[in-house]
Amino acid sequence: DGMYYLSAQVMFDTIGSAHTNGHVRLQCSNQNYIGGHSNVYAYESAAGEIALHSSGICEMELGDTCTVGAYVAGGTKALRVASGSVTRFSGCLMV
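Residues numbered from 1 in each chain as written. Predicted model: local features only at pLDDT ≥ 70, side-chain atom pairs only at ≥ 80, totals over all residues. Heavy atoms only, no water.

*Asks:* Honestly, unusual backbone geometry in this entry has me stumped. Any pointers?
*Replies:* Backbone geometry follows two general trends: most residues other than glycine have a negative phi, and most peptide bonds adopt the trans configuration. Phi at T14 takes a positive value of approximately 60°, unusual for a residue other than glycine. For T14, the position within the fold is in the loop between β1 (2-13) and β2 (21-28). On the basis of relative accessibility, which here comes to 33%, the residue T14 falls in the partly exposed class. (Helix = DSSP H or I, 4+ residues; strand = E, 2+ residues; numbered from the N terminus. Buried < 20%, exposed > 50% of the residue type's maximum accessible area, 1.4 Å probe, protein only.)

*Asks:* How should I be thinking about the sheet that holds strand β5 (residues 66-73) in this particular structure?
*Replies:* The strands making up a sheet associate through hydrogen bonds between their backbones, and the pairing can be parallel or antiparallel. If you trace the 3 strands from one edge of the open sheet to the other, you get β3-β2-β5, paired in antiparallel fashion. The open sheet is flanked by β3 (32-34) and β5, the only strands paired with a single partner. Adjacent strand axes in the sheet meet at a mean angle of 20°, parallel and antiparallel pairs treated alike. As paired strands, β2 and β3 are joined by 3 bridges and run antiparallel to one another. The partner of L26 across the bridge, within β3, is Y33. (Pairing = 2+ DSSP bridges. Axes fitted to C-alpha atoms, helices over the stretch in contact; angles between N-to-C directions.)

*Asks:* What's the story with the side chain of H19 in this structure? I'm lost.
*Replies:* By the element assignment, H19 lies in the loop between β1 and β2. A polar atom in the side chain of H19 sits 2.8 Å from the backbone nitrogen of G16. A polar contact of 3.1 Å, which involves the side chain of H19, links it to the backbone oxygen of K77. Setting aside its immediate chain neighbours within four residues, H19 contacts T14, N39, V40, Y41, V72, A73, G74, G75, K77 and L79. (Polar contact = N/O pair within 3.5 Å; in protein donor to acceptor, adjacent residues only side chain to side chain. Contact = heavy atoms within 4.5 Å.)

*Asks:* Mind showing me how you'd approach the pairing of strand β4 (residues 50-60) here?
*Replies:* For a regular strand, side-chain orientation follows a simple rule: the groups alternate between the two sheet faces. Burial along β4 is one-sided: the residues I50, L52, S54, G56, C58 and M60 are buried and none of A51, H53, S55, I57 and E59 is. Bridge count between β1 and β4: 11 bridges; the pairing is antiparallel. When the bridges of β4 are listed, L6 appears paired with G56.

*Asks:* Looking at this structure, I do not really get the side chain of D13. What am I missing?
*Replies:* Of note, D13 is situated in strand β1. By relative accessible area, D13 is classed as buried at 8%. A polar side-chain atom of D13 sits 2.7 Å from a polar atom in the side chain of R80.

Listed below in structure tokens is the structure:
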């Protein structure tokens, strides 16, 4: 039992001009944390990529879980989640 700092980053590529809103959500047993909403097309890199982030301090007990959800709205083109070190989840117990 304790307080945990949790962090997630999801990197998308193949962004299209109609992809206008996106965020990453940490869905924990006791509370949800939503990262800032972004116009993903406006902030994409020259390579057509964007990394969205969310973090929070969550009280967790034995058996609690946390999942990462990612959402991008607009467009008909499917987005791809980049693999490797650019898409990640981490957490640590705070003392």
